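The residues making up each chain are set out below.
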Amino acid sequence: MAYDLIVIGSGPGGYPAAIRASQLGMKVAIVERENLGGICLNWGCIPTKALIKSAQVFEYIQHAEDYGIKVGKPKVDFDAVIGRSRGVADGMSKGISFLMRKNKIEVIEGTGKLVRGKKVEVTSPSGKATTYDAEHIIIATGARARALPNLPIDGEKIIGYRKAMTLPKQPKRMVVVGAGAIGVEFAYVYHSMGTEVTIVEFMPEGLVPREDADVSKELTKIYKKKGINVLANTSVESVDTSKKVLKVTTKNRKTGKEEIIECDVVLSAAGVAPNTENIGLEDLGIKTERGLIETDEMYRTNVPGIYAIGDVTKGQALAHVATAEAITCVEAIAGHHPEPIDYNNIPGCTYCIPEIASVGYTEKAAKEAGYDLKVGKFPFSASGKASAAGAKQGFVKVIFDAKYGEFLGAHLIGTNVTEMIAEVVVARKLETTGMEIVKSVHPHPTMSEAIMEAAAAAYDEVIHL
């Protein structure tokens, strides 16, 4: 019942931490109250991408004649779409179970709580409490959908992202509150399959308001053209759930004008909140700020032997961030000297159609930081591969420091751009300059050569514009 390391939570932070610790010779246990893989694998990253793919295939079939293919009128089998998504998630969870066995990691089912003296009390599903000792404990309990005061999630009429993946029936009308990654991804899925969708976003920028302004404008334009109703700079004042048809009262923050939108279901997609309640933080005196656990750059809390990674800390709430933090934390525990994570070189990806990918400074942030800029932009409408693929929407935008050529940031919107952003991440890690990107020969025809073309545009050397 004693371990070198106990990890509480088995999401994209927890299970990599356990595996890396086992690789480094530690005796490891991992505590999980639901399914191995956590929210990301079971209710987030993986199953949502399965839903998006189904929606995208349906769109492809609807536009088959654009590619010279004639087919009959397609129809969505909503139950089958949901079933495929759940099947993908179940398969991945079984894969994590295999990895736990392979790496000789004990899986303890139940809810974990910190106890003084480097102990973890685990309450099993049957209610039995058992205490385990560990030299080191990592908190990796993740996050959940954030509930707004005037938008209480009831799981039926006002839902979070988990329920949105398992609805028993496709709604005819849906209001999505929040235009971040979760909101625009679900809006795409449901709209593509025939649901009438309205997106309500509090911030004035429009969709994906944290992205570069040009990307936000582009996606907003594309979504409106698709027929999605976008209400930016707008708040949700109330939701009347007393009848079968819901009435959502919205208010434009600039004009003060109110509007009532009728729908069948409201999806609250206003971000996430950390799962830091009821895990014993207060009992041990672990410091938090606004619910997030405070750590140093190696993820040590103020209590020796207790660490925290992933969505319960101040870094970006992204699966790949949690994994990177997990590996860094465990290697530090093992006495290695890992390099601290550079949070300004973390790629962000949104998997709506068209996809969005970005890393580093936005143009606005770079200017505010005092840089003199060279900015290049290359539209996919000028890309031969994009034209051949019928994927001409979007662009690549790159930002360089004019003095030294430092690669400050990149912002992409278009088909498969989430597969392209890694080039920029590696280039920035290796301190590659703008002209080095221009002089790096990219294959033709590809979508990825748009990064080279955009860099060339920044230096007035672009060929295909």
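Note: the structure precedes this text.
Notes on the structure in this doc start here. (Residues numbered from 1 in each chain as written. Predicted model: local features only at pLDDT ≥ 70, side-chain atom pairs only at ≥ 80, totals over all residues. Heavy atoms only, no water.)

With respect to the overall build of the chain
When helices and strands are tallied, the chain shows 14 helices and 24 strands. Expected size for 465 residues packed as a compact globule is a radius of gyration near 23 Å; at 24 Å, the chain falls within 12% of this value. Seen through its principal axes, the chain has C-alpha atoms that stretch 65 × 60 × 45 Å. Across the 465 residues of the chain, 52% fall into the buried class. Restricting the contact set of the chain to residue pairs at least 6 apart, pairs at least 24 apart contribute 62%. Here the chain contributes 55 positive and 56 negative side-chain charges, whose respective centroids are spaced 5 Å apart. (Helix = DSSP H or I, 4+ residues; strand = E, 2+ residues; numbered from the N terminus. Rg over C-alpha atoms; globule rule 2.2 N^0.38 Å. Buried < 20%, exposed > 50% of the residue type's maximum accessible area, 1.4 Å probe, protein only. Contact = heavy atoms within 4.5 Å. Lys, Arg positive; Asp, Glu negative; His and termini not counted. Charge placed at Lys NZ, Arg CZ, Asp CG, Glu CD.)

Notes on the layout of surface pockets
Of the volumes computed, that of the second largest pocket is approximately 660 Å³. As for the second largest pocket, its lining consists of 24 residues, of which Glu 59, Tyr 60, Ile 353, Gly 390 and Thr 415 are closest to the centre. Elements supplying a minimum of two residues to the lining of the second largest pocket: helix H3 (45-62) and helix H11 (384-389). It is H3 that provides the largest number of residues to the lining of the second largest pocket, a total of 6 residues. Considering only residue class, the lining of the second largest pocket consists of 9 nonpolar, 7 polar and 8 charged. (1 Å grid on protein atoms, 1.4 Å probe; cavity = no way out; pocket = protein on both sides within 12 Å on 5 of 7 lines; lining within 4 Å. Points joined across faces, edges and corners; volume = space filled by probe spheres on them. Nonpolar A, V, L, I, M, F, W, Y, C, P; charged D, E, K, R; others polar.)

Here we look at the environment of Ile 30
With respect to the element layout, Ile 30 can be found in strand E2 (residues 28-32). Those residues in contact with Ile 30 that lie beyond four places of it in its chain are Val 7, Gly 9, Ser 10, Gly 14, Tyr 15, Ala 18, Met 100, Ile 105, Glu 106, Val 107 and Ile 108.

Description of the state of the cysteines
The tally for this structure, following the rule as stated, stands at 1 disulfide. Disulfide pairing places Cys 40 opposite Cys 45 at an S-S distance of 2.2 Å. Measuring the twist about the S-S bond at about -125°, one finds the Cys 40-Cys 45 disulfide to be left-handed. Classification of Cys 45 as partly exposed rests on a relative accessible area of 28%. (Disulfide = S-S within 2.5 Å.)

Some remarks on the sheet that holds strand E10 (residues 196-200)
Pairing in this open sheet of 5 strands is parallel, and the strands run E8-E15-E9-E10-E11 from one edge to the other. Strand pairing shows two members of the sheet lacking a second neighbour, strand E8 (158-159) and strand E11 (229-231), which therefore form its edges. Here 5 bridges tie strand E9 (residues 173-177) to E10, and the two strands are oriented parallel to one another. What sits directly across from Met 174, in E10, is Val 197. Running over the sheet, helix H6 (residues 181-192) touches E9, E10 and strand E15 (265-268) and is turned about 165° from E10. (Pairing = 2+ DSSP bridges. Axes fitted to C-alpha atoms, helices over the stretch in contact; angles between N-to-C directions.)

Describing the pattern of salt bridges
For the coordinates displayed, the defined rule picks out 20 salt bridges. A salt bridge links Lys 429 to Glu 339, with the nearest nitrogen and oxygen atoms 2.9 Å apart. Of this pair, Lys 429 sits in helix H12 (residues 421-429) while Glu 339 is found in the loop between helix H9 (319-333) and strand E20 (348-350), placing the two residues 90 residues apart along the sequence. In this structure, Lys 439 and Glu 461 form a salt bridge, with 3.8 Å as the shortest nitrogen-oxygen distance. Residue Lys 439 is located in the loop between helix H13 (434-438) and helix H14 (449-458), and its partner Glu 461 is located in the segment after H14; the two are separated by 22 residues in the primary sequence. (Salt bridge = Lys/Arg side-chain N within 4 Å of Asp/Glu carboxyl O.)

Considering the packing of H6 against helix H7 (residues 213-226)
H7 packs onto H6 with a crossing angle of 20° between their chain directions and a minimal axis gap of 12 Å. Viewed along their axes, H6 and H7 adopt a mutual orientation that is roughly parallel. Read as a crossing pair, H6 and H7 show a hand that is left-handed. Judged by residue contacts, Val 184, Ala 187, Tyr 188 and His 191 of H6 engage Leu 219, Tyr 223 and Lys 226 from H7. (Parallel < 35°, antiparallel > 145°, perpendicular 65-115°, else oblique. Left-handed = near helix turned anticlockwise from the far one by under 90°.)

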